[in-house]
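# Commentary on secondary and tertiary structure
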Amino acid sequence: YVIGIPLGFLAILSRAINRNINNRWRECQRNPNKLEQILKEAEIDAELTRRTYYKPTNNQEKKEVAIHYLKIHNMQHHKTVERMGFIYHSYRSKTWWFEIVELSRKMVMNGLISIILPDSPTQIIIGCATSFAFLSHLLTIRPYKCETDMRLAFYCQLQITVTLLCGLTLREQIPFLGNLDTNHEMETLICTVIIIASHAGLLLYGLYAIIGERFWSYEQQILNRRLKEHEIKLKRIQAN
């Protein structure tokens, strides 16, 4: 189950996203007008979703743009969203696979690390290195659509890394204060405060992110703007 579920998600999503891609591309090769229509739709879709769009200048670039748009179109299909949207809907179109990475991270941190040299400082060090590696990957890829989701994921990963470092410091009684605390009492207190404060701060930020995303987020502002534009159009139609 631990390995099979991520692999199953990857297989299901890959099949859904690549559905009929080859057939539609062959149709574009037979009908150049169809290709130009898809390229135009891709440009409009990029403008509406505020994605960067580079106009293709040769046949290879046209193929890449068309296939990329067809994959996005498959992801936005109502049946795909209803059946599998919970797996990828929070991520950007280019990082639809990130839930598999997230499941792999949980598998490694909760399962694999626990059997590597149990109850040893090496185990904690490996956990810190693994957590930092996933944190770096998160910041490099930036997979989430919503900025508040991205910040919350970053703070969660950072909090795990900090907790592991503090745990290593407490276990090994590392004298990071030097001669200022020969009995390690102040060092223990500092690490304990950091762990408790980071947990509490993360919970408070999560609550703030939920409320802020509902009322003040950039995505909510766009939604409110579109609703107002829709209301204005309806009033014009009714007036005519």
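The following refers to the structure shown. All values derive from a computational prediction rather than experimental measurement. The numbers attached to residues start from 1 for each chain and follow its sequence in the written order. Only residues with pLDDT of at least 70 are given local features in this predicted model, and only at 80 or more are side-chain atom pairs given and counted; all residues enter the totals for whole chains, interfaces and linings. To obtain the side-chain values, all non-hydrogen atoms of the structure were included, while hydrogens and water were left out.

### Structural notes on the packing of helix H6 (residues 98-112) against helix H7 (residues 121-141)
Each pair of packed helices gets described by two things: the angle between the helix axes and the distance between those axes. Every axis in this analysis is a line fitted to C-alpha atoms, fitted for helices over the stretch in contact. Angles between the N-to-C directions lie between 0 and 180 degrees. Per the convention used, a helix needs a DSSP run of H or I reaching at least four residues, while a strand needs a run of E reaching at least two, with both numbered from the N terminus. One can describe the packing of H6 onto H7 by two numbers: an axis separation of 11 Å at closest approach and a directional angle of 170°. Here H6 lies roughly antiparallel to H7, going by the angle between them. Together, Phe98, Val101, Ser104, Arg105, Val108 and Met109 of H6 and Gly127, Thr130, Ser131, Phe134, His137 and Leu138 of H7 make up the contact between the two elements. Classification used: nonpolar for Ala, Val, Leu, Ile, Met, Phe, Trp, Tyr, Cys and Pro, charged for Asp, Glu, Lys and Arg, polar for all others including Gly. Among the residues making up the contact of H6 with H7, the classes are represented as 6 nonpolar, 5 polar and 1 charged. When an angle is under 35 degrees it counts as roughly parallel; over 145 it counts as roughly antiparallel; between 65 and 115 it counts as roughly perpendicular; any other value is oblique. Here a residue-residue contact requires only that any non-hydrogen atoms of the pair lie within 4.5 Å.

### Digging into helix H4 (residues 59-75)
What a helix is expected to span follows from its residue count: subtract one and scale by 1.5 Å. Taking 1.5 Å per residue, 17 residues should reach 24 Å; H4 reaches 24 Å between its end C-alpha atoms and fits that length. Among the residues making up H4, those that are buried are Val65, Ala66, Ile67, Tyr69, Leu70, Ile72, Asn74 and Met75. Tucked into the core, H4 has its buried residues touching helix H1 (4-17), helix H2 (21-30), helix H3 (32-48) and helix H5 (78-88). Residues adjacent in sequence count toward polar contacts only when both atoms are side-chain atoms; beyond that, a polar contact is any pair of N or O atoms within 3.5 Å, and within protein one must be able to donate a hydrogen and the other to accept it. For H4, the N-terminal capping position is held by Asn58, with its side-chain oxygen 3.2 Å away from the main-chain nitrogen of Gln60. Only protein chains enter the accessibility calculation, which uses a 1.4 Å probe; a residue whose area is less than 20% of its type maximum is buried, one above 50% is exposed, and one in between is partly exposed.

### Some words on the nonpolar core
Within soluble globular proteins, side chains that are nonpolar generally end up buried alongside one another. Counting residues in hydrophobic clusters, the biggest one holds 12 residues: Ile21, Trp25, Cys28, Leu35, Ile38, Leu39, Ala42, Val65, Ala66, Ile67, Tyr69 and Leu70. Considering each element in turn, this core owes the most residues, 5 residues, to H4. Contacts of Leu39, omitting those with residues within four sequence positions, involve Tyr53, Pro56, Lys62, Val65 and Ala66. Among buried residues, those of type Ala, Val, Leu, Ile, Met, Phe, Trp, Tyr and Cys that are joined through side-chain atoms within 4.5 Å constitute a nonpolar core. Grouped together as the second largest cluster of nonpolar side chains are 9 residues, Leu13, Ile17, Met84 and Ile87 included.

### Things to note about the packing of aromatic side chains
Ring pairs are drawn from Phe, Tyr and Trp, using the six-membered ring of Trp, whenever the two centres fall within 6.5 Å, and their geometry is named by plane angle: stacked under 30 degrees, edge-to-face over 60, tilted for the rest. Applying the stated criterion across every chain, the model contains 8 aromatic pairs. Taken together, a centroid distance of 6.3 Å and an interplanar angle of 85° make the contact between Phe9 and Phe86 edge-to-face. Here Phe86 lies in helix H5 and Phe9 lies in helix H1, a separation of 77 residues in the sequence. When its relative accessible area of 62% is taken as the criterion, Phe86 is described as exposed. Grouped by ring-pair contacts, the aromatic residues Tyr91, Trp97, Phe98 and Tyr144 constitute a single cluster.

### Considerations on the pattern of salt bridges
By salt bridge we mean one thing: a side-chain nitrogen of Lys or Arg within 4 Å of a carboxyl oxygen of Asp or Glu. Summed over all chains, the structure comprises 5 salt bridges. Linking Asp119 and Arg171 is a salt bridge whose minimum nitrogen-to-oxygen distance equals 3.5 Å. Of the two residues, Asp119 sits in the loop between H6 and H7 while Arg171 sits in helix H8 (residues 147-172), which places them 52 residues apart along the sequence. Where Arg171 meets Glu172, a salt bridge forms, and the shortest distance between an N and an O atom there is 2.5 Å. A relative accessible area of 37% places Arg171 in the partly exposed class. For Glu172, a relative accessible area of 34% gives the class partly exposed. Here the salt bridges do not stand alone but share partners, grouping Asp119, Arg171 and Glu172 into one network.

### Examining the side chain of Gln157
Among the structural elements, Gln157 can be located in helix H8. Not counting residues within four places of it along the chain, the set of residues in contact with Gln157 comprises Glu102, Arg105, Ser131, Phe134, Leu135 and Leu138.

### As for the environment of Val2
The topology assignment puts Val2 in the segment before H1. Taking the C-alpha atoms as reference, Val2 lies 6.8 Å from Met107; in sequence the two are 105 residues apart.

### Some details on unusual backbone geometry
Residue Arg142 is not a glycine yet carries a positive backbone phi of 50°. For Arg142, the position within the fold is in the loop between H7 and H8. On the accessibility criterion, Arg142 (37% relative accessible area) is partly exposed. At Gln173, a position not held by glycine, the phi torsion is positive, near 50°.

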